[in-house]
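Report on the structure
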Amino acid sequence: MDFETVIGLETHVQLKTKSKMWCGCANEFGAPPNTHVCPVCLGLPGVLPVANEEALRLTALTGLLLNGTISPQAKFDRKNYFYPDMPKNYQITQYDRPSSVGGYVDFEFAGGITRVRLTRSHLEEDVGKNFHFERHSGVDFNRAGVPLLEIVSEPDLKSADMAYEYLNALKEILIHGGISDCDMEKGMVRCDVNVSVRPKGVQELGAKIEIKNMNSFSGVRRALEYEIPRQIEVLRNGGKLTQETRRWDDAASVTESMRTKEMAHDYRYFPEPDLMPFVPSKDWLEEVRRRVVELPLARKQRFMHDYQLPASDAETFKNEIRLGDYFEATAKQAKHPKAVANWIINNLRAKMGETLTSLDELKFNPASILELVELVESGKISTKIAQDVFGEMFASGERPGAMVDRKGLAQVSDTSAIEKFCDEAIAGNPKVADDYRAGKAAALNFLKGQVMKLSKGKANPSLVGEILERKLGRNSSNGKSVHR
Amino acid sequence: MPNRLTISELTAKLGQREVSAREAMESCLRRIHRTDRTIKAFLSIDENDSVAQADAADEALRHGANHQEQPLLGVPVAVKDVIAVRNQPLNCGSKVLGHFRSPYDATVIEKLRTAGAIVFGRLNMDEFAMGSSTENSAFQVTQNPWDPSRIPGGSSGGSAAAVVADDCLAAFGSDTGGSIRQPAALCGCVGLKPTYGRVSRYGLVAYASSLDQIGPLAKTVRDAALLLRVIGGHDRRDSTSIPEPVPDYTARLDGQIKGLKLGLPKEYMVGGLDPGVSQAVRAAVEQLQKLGAEVVEISLPHTDYAIAAYYIIATAEASANLARFDGIRYGLRVDANDPIELYCRTRGAGFGTEVKRRIILGTYVLSSGYYDAYYLRAQKVRTLIRQDFLNAFEKVDAIVTPTSPTAAFKIGEKSDDPLQMYLMDIFTISANLAGICGLSLPCGFTKNPKLPIGLQLLGKPLGEETILRIAHAYEQSTSWHKEKPGL
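In this text, all values refer to a predicted model and were calculated from it rather than measured experimentally. (Residues numbered from 1 in each chain as written. Chains lettered and ligands numbered in written order. Predicted model: local features only at pLDDT ≥ 70, side-chain atom pairs only at ≥ 80, totals over all residues. Heavy atoms only, no water.)

1. A word on the overall build of chain B
In plain terms, the rule: Counting from the N terminus, the helices are the DSSP runs of H or I reaching at least four residues and the strands are the DSSP runs of E reaching at least two. A radius of gyration in this sense is built from C-alpha atoms; the matching globule rule multiplies 2.2 Å by the number of residues raised to 0.38. Accessibility here uses a 1.4 Å probe with only protein chains present; expressed as a share of the type maximum, an area under 20% marks a residue as buried, one over 50% as exposed, and anything in between as partly exposed. Here, residues are in contact when the closest pair of their heavy atoms is within 4.5 Å.
When its secondary structure is counted, chain B shows 15 helices and eleven strands. Here chain B has a C-alpha radius of gyration of 21 Å; the compact-globule value for 487 residues is 23 Å, and the two agree. With respect to the principal axes defined by its C-alpha atoms, chain B has extents near 65 × 55 × 45 Å. Looking at chain B as a whole, 64% of its 487 residues qualify as buried. Put simply, of all contacts in chain B between residues at least 6 apart along the chain, 75% involve residues at least 24 apart.

2. As for helix α8 (residues 337-355) of chain A
Residues and elements named next belong to chain A. Stated precisely, the cut-off is as follows: A helix's residues, less one, multiplied by 1.5 Å, set its expected span.
Between its terminal C-alpha atoms α8 stretches 25 Å, which fits the 27 Å expected from 19 residues at 1.5 Å a residue. Taken together, the buried residues of α8 touch α6 (311-319), α7 (321-331), α9 (366-377) and α10 (383-396). Remark: L356 follows α8 within two positions and exhibits a positive phi of approximately 55°.

3. Describing the pattern of salt bridges
Residues and elements named next belong to chain A. Just so we agree on the cut-off: One speaks of a salt bridge when a side-chain nitrogen belonging to Lys or Arg is within 4 Å of a carboxyl oxygen belonging to Asp or Glu.
Under the counting rule described, the total for this entry stands at 66 salt bridges over all chains. In this structure, D161 engages R221 in a salt bridge whose closest nitrogen and oxygen atoms are separated by 3.6 Å. Taken as a pair, D161 in helix α2 (residues 160-176) and R221 in helix α3 (residues 217-236) lie far apart in primary sequence, 60 residues in all. On the basis of relative accessible area, D161 is assigned to the partly exposed category, the value being 37%. Since its relative accessible area comes to 24%, R221 is described here as partly exposed. Two residues, R437 and D434, come together in a salt bridge whose shortest N-O distance is 3.1 Å. With R437 and D434 both in helix α13 (residues 430-437), this residue pair falls three residues apart, about one helical turn. Judged by its relative accessible area of 44%, R437 is partly exposed.

4. With respect to the side chain of B:R31
Residue and element names in this part refer to chain B. Inclusion rule: When charges are counted, Lys and Arg are positive and Asp and Glu negative, with His and the chain ends excluded.
Mapped onto the elements, R31 comes out in helix α2 (residues 21-39). The buried charged residue R31 lacks any salt bridge partner; its closest oppositely charged side chain belongs to D167, at an N-O distance of 4.4 Å. Residues within four places of R31 in sequence aside, it is in contact with N3, R4, D36, A165, D166, D167 and L487.

5. Regarding the packing of aromatic side chains
Formally: Ring pairs shown here join Phe, Tyr and Trp side chains whose ring centres sit within 6.5 Å, with only the six-membered ring taken for Trp; geometry is labelled stacked below 30 degrees between planes, edge-to-face above 60, and tilted in between. Charge-over-ring placement is defined geometrically: NZ (Lys) or CZ (Arg) within 6 Å of the ring centre, and within 35 degrees of the ring normal.
A complete count under the given rule lists 33 aromatic pairs over all chains for this structure. Ring centres of A:F303 and A:Y307 lie 5.7 Å apart, and the angle between their planes is 55°; on these two criteria the pair is classed as tilted. Here A:F303 and A:Y307 have matching classes, each one buried. Taking 6.3 Å as the distance between ring centres and 75° as the angle between the ring planes, the aromatic pair formed by B:F325 and B:Y330 counts as edge-to-face. The residues B:F325 and B:Y330 share a single accessibility class, namely buried. One aromatic cluster in this structure is built from B:F100, B:F128, B:F325, B:Y330 and B:F351. Over the aromatic face of B:F409 sits the side chain of B:K414, whose NZ or CZ is 5.1 Å from the ring centroid. The ring of B:F445 carries the charged tip of B:K450 above its face, separated from the ring centre by 4.6 Å.

6. Quick notes on the nonpolar core
Convention followed: Only buried Ala, Val, Leu, Ile, Met, Phe, Trp, Tyr and Cys residues count toward a nonpolar core, and they belong to the same one when joined by side-chain atoms within 4.5 Å.
Of all hydrophobic cores here, the largest spans 224 residues; its most connected members are A:Y166, B:L72, B:I83, B:L112, B:F128 and B:F389. By residue number, the principal contributor to this core is helix α9 (residues 306-321) of chain B, which donates eleven residues.

Nothing here speaks to function; it is geometry throughout.
Structure (structure tokens):
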């Protein structure tokens, strides 16, 4: 019997705000324990939450980026459960009216574009962090009250790899949109998985198993790679699966049962009476709408289409947003955008890396790159000379055209001058010339080199080849030509 | 003795340098030393801090500060143990908070300090404001200043007793279902519950967030009006506070109520009402008519459902609000081997019977499968009750009722019967559900024994000006407020 897998993901993302969700404490990772805390985020008696408006904006913006429908009001609820890392022993979240409903994520998978639908995205608060020592435990509340967005997918995912690619695509969108830095190591993204298997062709879903405690996307993939065969194995052996929550043990690479359905929490949700529902105005929404950016996949596809770039170049410009923007600003007026892309990716990017220079610090302007490409394409300078020109232009900011003129770097394309150099080279190397005439094709390269030397590198290499061949009694159409 | 004065009288004397803030404060402390051993209104007093605040007020007065800019400069006011005052204990009448001291001032305390008040003392209350007699305090039973064998009402029983005993010029309490108005009635002072959102709740330890309001307990209507002007207003730290300007509530206390229309709800003058109370309220209504008000009968048809709806909504909210008292971060901790056991032991030892009863009730009504039948239905009833009042206020300017069905009862009399205790709030609870304002003021005494009776005036949302004006006119035409218990 063949089985198919059904996976849904709940992804928690810390929003990129200056302050926490309900108070003015800094939303900052890495500070000494309990230094970014105040009466509000510690849940002291008598305090009240006040919603962070930027968090509300980022939540609405996420909804727009993920093609969801923005709720006409942001309403909050209390989710009740006791845990030492939770200051109030209830979490403020959005239960029945999430900020964004529906939507989807498109991403590249298995050579095509795959769409995973989203159920909802809602805003809530993060909790503190427990630490266990030999004889006692401690709680760091710096993280308590950090705005957290939960993005729930439909059960559209079918494999561990697909889940992995979905998460990466989602992360890319959130980073592009300025929603979150999505730094996994700092715990800015966390993910719970719901997975079930069923015999192929069966409509009804299998028992839903939730897996928690993965701390990386690859952890999610590995947990699924363990869990899916485990479930199939149970069914194959005639066993039965029941709804439960399992914990991923990363070190042992196994999932283990945490609690069964009978032990499931009753969270006793009810509307948060300390917060009035936030009703965004038209202007407010318009302001958020203005912050919508192009999605990474769309950007990649557009770069490939509009500039005829290969996928690899487009991928680079998708990932390196500022470099891509720089390319776009430059390539708009270029005849051959691919050549511009080559210069930016192969030369500019490398040079910037070597010298730790940012795009803002460049001494030349984008027009200089166009000028350089034009100099090469018109045959005025060789590619090799162009490399030197670029190096100098990067260092000094001098316009390449001016530099070529000033230093006399222009290729010699004047046939009479090249003919003179060719005659000189043949005369000076009669044996080599004879070798060539006798059929030794490689001999031509030596003569070409001599001509280039005589011209101080400025002779147009293709003209040199043509003229030498003509003078030595062969021409480029005989199929044995060496010129490139 | 300055402690026996009203705020208006004291500030006049402070302004004239007839009395100093220090003298006023010390007269309060002397009074407390003499009478509070038996009354037991105060849980604690930081005397050094009180006197230091008084000296600072005298210093300010010497440097030209005045009561136009700081209307409470040098006025000693005391605070219910549920409002956060920086560096002072905050116990909410409970053992669960242990030795907790608040690291911050509630917004109302900040406002009082800005207005120059001397903020002192922690006043006894029913644990977490759950109760109508102050007997649910984990620390002590406060006595009614009129009769030591009787309760002062609750939950702000300490606040009402302290005001009536002249321990302070005024006090602050909180009102979730009548907790300011009912003790004010039973002790014989003015108690005002503002419109929900009129006063910031920041720093008020929440019992039921959608019902709680802080308000003043004072010796006269004018004092209550002045205090509301000081503490009212929008607070960016409380999202539920109303962004409307605060009027000068004292400006229109001119005794003129001619032409105002008062509603007498027929559902309120029924069985269970003590004959003495009924008689006093009817006499008060006649007095209001004599002053020129027109009185009409109105109907608040959903009144019968108020107590049930209240005990579902309030306990549901309380079950979440009180979850933070868990022994992990502050307050009492009874240690254990794992968190669950620690929670159970701490909360088991820290909370009293009534608090536990309400937490369990609130947890139950929110439980999966019961939510719709209880919590959701109660919210619908709440909407109907609010609508009742809004309909009534189409026809009348204010509503007149008794504050409490009986005068103060004996200590221990209703301790074994929570339902009987809940019925003490039958006339006050609806105002919290509807979010409207209400006040109680003295309107007479029962005959034997002599115990105060309260008249309740209910007003529209943000209609405090109107009920204060009516209350003031009535008060000035009677002498109930001048009577003092023989302490």
